Amino acid sequence: MLLVSILIVGLAVLLAAPLAKGLGRNAGWVLWVPLAGAAALLSAEWFGAEGSLTESYPWIPGLGVGLHLHLTGLSYLFSMIVLVIGAAVLFYSARYLGSKKIISFYLLMCLFALAMLLLVLADDLVVLYVAWEATTLTSFFLIARSGALARQPAIRTLLVTVAGGLCLLTAVCVMIIDSGTTRISEVLASDMWQDPVLAAMLAVLLGTAALTKSAQFPFQAWLPDSMVAISPVSAYLHAAAMVKAGIFLLLLFSSALSTVLTWNILLIAAGGITALFGAVAAVRRYDLKELLAYSTMSQLGLLVMLIGIGTATALQAAVVHTIAHALFKSALFMAVGTLDHEAGTRDMRLLAHQKLRTGSTHLAIILGATSMAGLPPLLGFVSKESMFEASLDAPWGGGIGVLLTAWIAVTSVFTLTYSGRLVIGALGKYRPAPNSPRAQAPDASAPRVVTEAPVTFWIIPWMLAAAGVVLGLAPMLLDTLATDAVTIVSNAGADVHLALWHGVNAPLLISASVFLAGGLLIWQRRRVEEALVPRGMKISGLRAVENIRTAMIEVGVRVGGWTPGQNPGLHLIVLCACLPVLALVGVFALGPLPEVVGETAQPLDWLLVTLVAAGVLTTVRAKTRISAVVVVGVVGFGVTLWFFALGSVDVALTQLLVEILTVCVMVLLLKRLPARFDTERRGRAIPAAVIAVGAGLAAGLGVWALTGRRDISEPALYFLQHGEETTGGANIVNTILVEFRALDTLGELTVLGVAGLAVAALLASRDPDSVRQTPVNMKSVLADAVPNSVYIRTFTKVAAPLMFVFSLVTLVRGHNEPGGGFISALIGGAAFALLYIGALDDESAPIRWPYLTLIGAGIVTGSGIGLVGLVKGSFLTPLHTELFGIHLNSALIFDVGVYLAVLGVILAAFNLLGRERPGRHGVWGSSSPPVPEDNPRTGAIPVIYQDALNQSRHESLMMTANRQRGDAATEQQHTPGKGES
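Anyway, here's the lowdown on the structure attached to this text. (Residues numbered from 1 in each chain as written. Predicted model: local features only at pLDDT ≥ 70, side-chain atom pairs only at ≥ 80, totals over all residues. Heavy atoms only, no water.)

### Quick look at the nonpolar core
Then, number 1: The biggest cluster of nonpolar side chains holds 195 residues, and the ones touching the most others in it are Tyr-106, Met-175, Tyr-236 and Leu-422.
Then, number 2: No other element matches helix 14 (residues 312-343), which puts 19 residues into this core.
Then, number 3: Beyond its immediate stretch of four places on either side in the chain, Met-175 contacts Leu-125, Gly-180, Thr-181, Val-187, Met-192, Trp-193, Leu-202, Leu-206 and Phe-253. (Core = buried A, V, L, I, M, F, W, Y, C linked by side-chain atoms within 4.5 Å. Buried < 20%, exposed > 50% of the residue type's maximum accessible area, 1.4 Å probe, protein only. Helix = DSSP H or I, 4+ residues; strand = E, 2+ residues; numbered from the N terminus. Contact = heavy atoms within 4.5 Å.)

### Here we look at helix 5 (residues 125-144)
Along an α-helix, a turn takes 3.6 residues, which lines up residues three or four apart on a common side.
Then, number 1: Taking 1.5 Å as the rise per residue, helix 5 with 20 residues should run 28 Å; its terminal C-alpha atoms sit 29 Å apart, in good agreement.
Then, number 2: Counting buried residues along helix 5, 14 of its 20 residues qualify, which places the element largely inside the surrounding structure.
Then, number 3: Two or three places before Val-126, at the start of helix 5, stands the capping residue Asp-124, its side-chain oxygen 2.9 Å from that residue's backbone nitrogen. (Expected span 1.5 Å × (residues − 1). Polar contact = N/O pair within 3.5 Å; in protein donor to acceptor, adjacent residues only side chain to side chain.)

### Focus: helix 6 (residues 151-179)
Then, number 1: With 29 residues, helix 6 ought to run about 42 Å at 1.5 Å a step, and its terminal C-alpha atoms sit 41 Å apart, in line with that.
Then, number 2: One or two positions beyond helix 6, positive phi appears at Gly-180, with a value near 80°.

### Structural notes on the environment of Ser-807
Then, number 1: Examined against the element boundaries, Ser-807 turns out to sit in helix 34 (residues 790-813).
Then, number 2: Linking Ser-807 and Tyr-899, residues 92 residues apart in sequence, is a C-alpha distance of 9.5 Å.

### Some words on the pairing of strand 2 (residues 65-71)
Then, number 1: Within strand 2, six of the seven residues are buried, leaving the element largely enclosed by the surrounding structure.
Then, number 2: As defined by bridge partners, strand 1 (residues 53-60) adjoins strand 2 across seven bridges and the pair is classed as antiparallel. Bridged to Ile-60 within strand 2 is Val-65. (Pairing = 2+ DSSP bridges.)

### What about unusual backbone geometry?
Then, number 1: Following Phe-217, the chain continues to Pro-218 via a peptide bond in cis, the omega torsion being 5°.
Then, number 2: With respect to the helices and strands, the residue Pro-218 is situated in the loop between helix 8 (196-213) and helix 9 (222-225).
Then, number 3: A cis amide bond links Pro-376 with the next residue in sequence, Pro-377, at an omega value of 5°.
Then, number 4: You can see Pro-377 is positioned in the loop between helix 16 (359-373) and helix 17 (379-392).

### A closer look at the side chain of Thr-274
Then, number 1: Looking at the element boundaries, Thr-274 is found in helix 12 (residues 261-283).
Then, number 2: When its relative accessible area of 2% is taken as the criterion, Thr-274 is described as buried.
Then, number 3: A polar atom in the side chain of Thr-274 sits 2.7 Å from the backbone nitrogen of Phe-217.
Then, number 4: Once residues lying within four places of it in the same chain are set aside, the contact partners of Thr-274 are Ala-215, Gln-216, Phe-217, Met-297, Ser-298 and Gly-301.

### Remarks on the packing of aromatic side chains
Then, number 1: Tallying each qualifying case throughout the model produces 21 aromatic pairs.
Then, number 2: Ring centres of Trp-46 and Tyr-76 lie 5.8 Å apart, and the angle between their planes is 15°; on these two criteria the pair is classed as stacked. Highlighted residues: Trp-46 in helix 2 (residues 28-48) and Tyr-76 in helix 3 (residues 73-96), separated in sequence by 30 residues.
Then, number 3: Exposure remark for Trp-46: the relative accessible area of 9% places this residue in the buried category.
Then, number 4: Relative to Tyr-106, the ring of Phe-105 has its centre 5.2 Å away and its plane inclined at 70°; by these criteria the two rings are edge-to-face. Each of the two residues, Phe-105 as well as Tyr-106, counts as buried.
Then, number 5: An aromatic cluster is present here, built from Trp-29, Trp-32 and Phe-91 joined pairwise through their rings.
Then, number 6: One cation-aromatic arrangement involves Lys-213 over Trp-132; the distance from NZ or CZ to the ring centre is 4.8 Å.
Then, number 7: Its guanidinium or amino end placed over the ring of Tyr-286, Arg-349 lies 4.0 Å from that ring's centre, counting from NZ or CZ. (Phe/Tyr/Trp six-rings, centres within 6.5 Å; stacked < 30°, edge-to-face > 60°. Lys NZ or Arg CZ within 6 Å of the ring centre and 35° of its normal.)

### Looking at the packing of helix 14 against helix 20 (residues 479-489)
Then, number 1: At a minimum axis distance of 9 Å, the contact between helix 14 and helix 20 shows a crossing angle of 130°. When the axis of helix 14 is compared with that of helix 20, the two are oblique. Taken as a pair, helix 14 and helix 20 cross one another with a handedness that is right-handed. Together, Ala-312, Leu-315, Gln-316, Val-319 and Ile-323 of helix 14 and Leu-481, Ala-482, Ala-485, Val-486 and Val-489 of helix 20 make up the contact between the two elements.
Then, number 2: By residue class, the composition of the contact of helix 14 with helix 20 is nine nonpolar, one polar and no charged. (Axes fitted to C-alpha atoms, helices over the stretch in contact; angles between N-to-C directions. Parallel < 35°, antiparallel > 145°, perpendicular 65-115°, else oblique. Left-handed = near helix turned anticlockwise from the far one by under 90°. Nonpolar A, V, L, I, M, F, W, Y, C, P; charged D, E, K, R; others polar.)

### A closer look at the pattern of salt bridges
Side chains carrying opposite charge are able to pair once their charged atoms draw close together.
Then, number 1: Taken as a whole, this structure holds 11 salt bridges when the rule is applied.
Then, number 2: One salt bridge connects Arg-549 with Glu-546, and the closest N-O pair in it is separated by 3.2 Å. Separated by three residues within a single helix, Arg-549 and Glu-546 lie in helix 23 (residues 541-562), roughly one turn from each other. You'll find Arg-549 and Glu-546 in the same group, each marked buried. (Salt bridge = Lys/Arg side-chain N within 4 Å of Asp/Glu carboxyl O.)

### Quick look at a nonpolar patch on the surface
Then, number 1: On the surface, a nonpolar cluster with roughly 550 Å² of combined accessible area is contributed by Leu-611, Ile-626, Val-630, Val-634, Leu-641, Phe-644 and Val-649.
Then, number 2: Tracing the chain through its elements places Phe-644 in helix 27 (residues 625-645). (Patch = residues over 30% accessible without salt bridge, like charges linked within 9 Å, V, L, I, M, F, W, Y side chains within 5 Å. Areas by Shrake-Rupley, 256 points an atom, 1.4 Å probe, with all protein chains shown as cover.)

### With respect to the environment of Leu-532
Then, number 1: Counting through the fold element by element, Leu-532 comes out in helix 22 (residues 525-532).
Then, number 2: With relative accessibility at 24%, the residue Leu-532 sits in the partly exposed group.
Then, number 3: Considering only alpha carbons, one finds Leu-532 and Val-283, 249 residues apart in sequence, at a separation of 7.9 Å.
Then, number 4: Ignoring sequence-local partners within four residues, the contact set of Leu-532 consists of Val-280, Val-283 and Arg-284.

Structure follows, in structure tokens:
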């Protein structure tokens with residue numbers, strides 16, 4: 001049933017776009033149902049079972065990777081947070097959203113919910129990592145879709161969280177290698193954690209990954225920056241789900257790392273700094289949503305501190321506070337969003353000038369803020385008491401426990417202060433201090449009356465806030481859930497008994513002190529504001545992130561300048577420098593050279609070597625480009641004959657067809673280049689010749705040294721012995737490409753498609769050099785296309801259709817005979833090349849097929865049939881059937897995808913390079929905008945990077961000003977006024 005629950009949420013993903021298109025924003029009233037249904041199904045499974053539940057489905061059996069799922073107390077807790085809060089946010093969004101970008105919002109929100117659910121249910125490290133990165137990408141798009149001002153915050157958020165993802169990837173690889181398994185449950189039970197060095201390294205990697213995701217010091221800047229996203233996104237990603245992914249990762253590995261000192265120090269230090277810094281920063285905010293962002297950082301910092309302490313009591317407190325935080329923070333984000341939707345602002349200075357008649361929304365804010373402040377009788381009070389108890393029982397002696405308790409207490413004082421500031425500001429009762437910055441207030445003589453939103457708007461935050469009251473009055477309802485979760489994350493057993501009243505004890509006395517100090521700060525809030533708010537901070541985490549981003553662009557500009565596009569020869573320097581190193585390794589590290597040439601060389605080999613060498617020498621001596629193209633073709637055809645002689649028919653066919661098409665493309669470029677080489681640069685030929693000869697000798701020596709040192713490998717022996725039996729195909733080359741390494745081939749297919757798009761994009765943005773015109777006084781049959789192409793036009797009428805039919809035959813037979821998708825597409829491309837050569841002019845030459853569509857269709861076809869194979873075990877598992885007595889398999893459909901994509905790339909090259917001005921004739925299938933006349937012809941890539949760098953520097957300088965007006969402006973793009981709702 002675990003997979004069924006994931007599929008139910010996947011159904012919401014599939015329905016999101018059509019429902020949003022048909023129902024508009026009301027689609028949220030339908031899409032919340034699958035999430036709630038998945039939550040109900042998991043709850044029924046959990047309470048109906050004894051102990052944890054596991055399910056396993058094969059994914060990549062060769063690597064031991066599978067869709068392994070498990071439902072434990074910890075994963076059930078976080079599943080409920082993901083699904084219940086997600087369903088609530090989707091229901092709430094049906095009234096919050098305006099009329100723009102509805103489809104992208106619901107689709108991305110459902111995708112995020114699916115990724116989070118897979119993350120918390122995963123029992124496989126690879127699946128965990130894939131889901132982790134999926135949450136990163138979906139959150140990036142959810143932030144970026146919020147308007148023009150959200151683009152840069154989204155990029156900064158992506159940079160930080162991707163850096164954490166790389167740390168997680170490193171940790172995943174290390175754990176898989178050292179434990180010998182990808183199953184998380186088996187990894188946690190492995191003996192590798194007994195190695196102190198390995199455990200410390202994994203503690204740093206996993207801790208860093210979690211800190212970036214949960215916005216902890218020194219990675220905390222992205223969370224307030226991402227508040228440009230609309231309120232439903234903030235309520236789900238930045239209060240209940242995405243930031244909780246980091247907490248989940250820490251809790252998941254706490255059973256293995258809780259006694260590792262590196263883990264304890266890292267989490268306590270980072271969490272403590274973030275908790276206090278976030279709390280103080282929240283006191284300095286006027287924007288209610290920004291205040292909640294900094295308060296989220298602070299609350300997550302407390303959770304990280306508790307996990308860092310690592311005792312059963314501390315982990316119990318972390319689990320309880322995770323529940324409390326998810327309830328009150330999601331309620332507050334949505335309630336503040338409701339207030340902003342109705343009043344048109346979140347700024348407490350502006351709310352003070354309006355008459356707010358929003359009692360239900362205010363009640364949700366008061367209840368949520370009371371729980372956040374840790375006041376009885378709400379759940380936040382119960383979790384805060386647990387924090388004090390955990391810090392007093394810290395395992396490193398009384399002094400450390402007292403210090404940690406004092407730190408949490410001071411943080412709690414500021415928590416109470418900013419909670420009071422939130423309530424006062426939301427009620428419109430804020431009165432600024434004399435020295436505080438003033439917002440431009442509306443006309444005070446006619447204050448606007450803000451009435452309550454419809455009940456369908458405020459009911460969700462009200463219910464979540466009320467849940468904090470119910471669970472605060474009856475916390476024993478969480479005993480079983482907390483016990484199950486703590487048992488998983490703690491090495492010691494757990495038997496949690498929560499209560500609102502524990503008598504007069506140390507935690508209660510500390511809480512009373514916190515209430516007194518916090519109440520005093522609220523009473524003297526204007527003096528606190530005078531002391532804190534006007535004073536800016538010289539150190540800015542956001543500025544640090546922007547400086548890192550700017551530095552990365554500068555490094556890219558510098559590195560890109562080493563190999564400019566105007567001098568392709570520079571691209572070969574690195575390769576030429578590496579080849580001698582390879583040869584030296586082969587000669588000196590591997591021992592004497594093997595007897596390869598003397599034993600296997602045949603007279604035909606020496607003949608072909610002579611042919612290739614003659615072609616190379618003639619190419620070097622060529623004075624015109626057309627002659628160079630001809631003799632380079634001779635070299636390519638010589639290599640083709642060599643492949644045929646060695647019995648590698650598939651490779652030979654591929655080489656032959658690629659050579660033909662390469663010569664055709666080079667001919668298209670010849671008319672844009674000077675007819676002859678620059679004789680003034682002949683002086684540079686000697687150094688180039690030395691480098692070329694040296695690289696060639698090194699490559700030959702390296703091949704010689706590395707060849708013949710072992711017998712046939714085990715994988716190759718397996719392919720030869722069992723390939724046909726396993727796949728049903730006799731052509732071992734084709735079966736390896738489209739079945740045994742289908743995922744790798746799909747990656748290559750995607751790269752090929754991207755190359756076609758890159759050609760189109762480059763020629764759309766920048767025209768190539770003009771076509772060289774034939775001199776008027778030149779009288780030759782070659783100068784006139786009509787008589788010159790009589791033979792080729794006659795031949796093409798017969799040859800082109802036959803070649804195209806032959807390409808289809810080669811496609812179908814490729815699984816058992818030489819052929820396949822790539823070779824057949826090259827044959828079809830050669831047929832198109834004939835049509836181009838036989839055309840009378842540029843306008844009649846192009847084959848007007850949608851080549852970009854062909855590329856996309858090929859990639860989609862290959863991906864789709866590969867995913868169908870997952871039903872039977874792994875990507876592109878062979879699926880066989882018969883049609884009219886003809887045996888068919890899934891590899892043929894995959895080859896069809898390869899065929900379409902390769903054909904699309906060939907057509908793109910011919911269509912775009914064959915025209916005189918591609919950019920003017922519509923590279924994308926429609927008319928392209930004109931290219932500015934002052935568009936530079938040299939250094940195109942560095943100029944692009946320089947524009948990005950200048951833009952980044954400008955945005956860095958304008959960041960502070962944009963932040964103040966950006967949040968409200970972005971929110972208003974998606975939150976129409978009350979009359980529009």
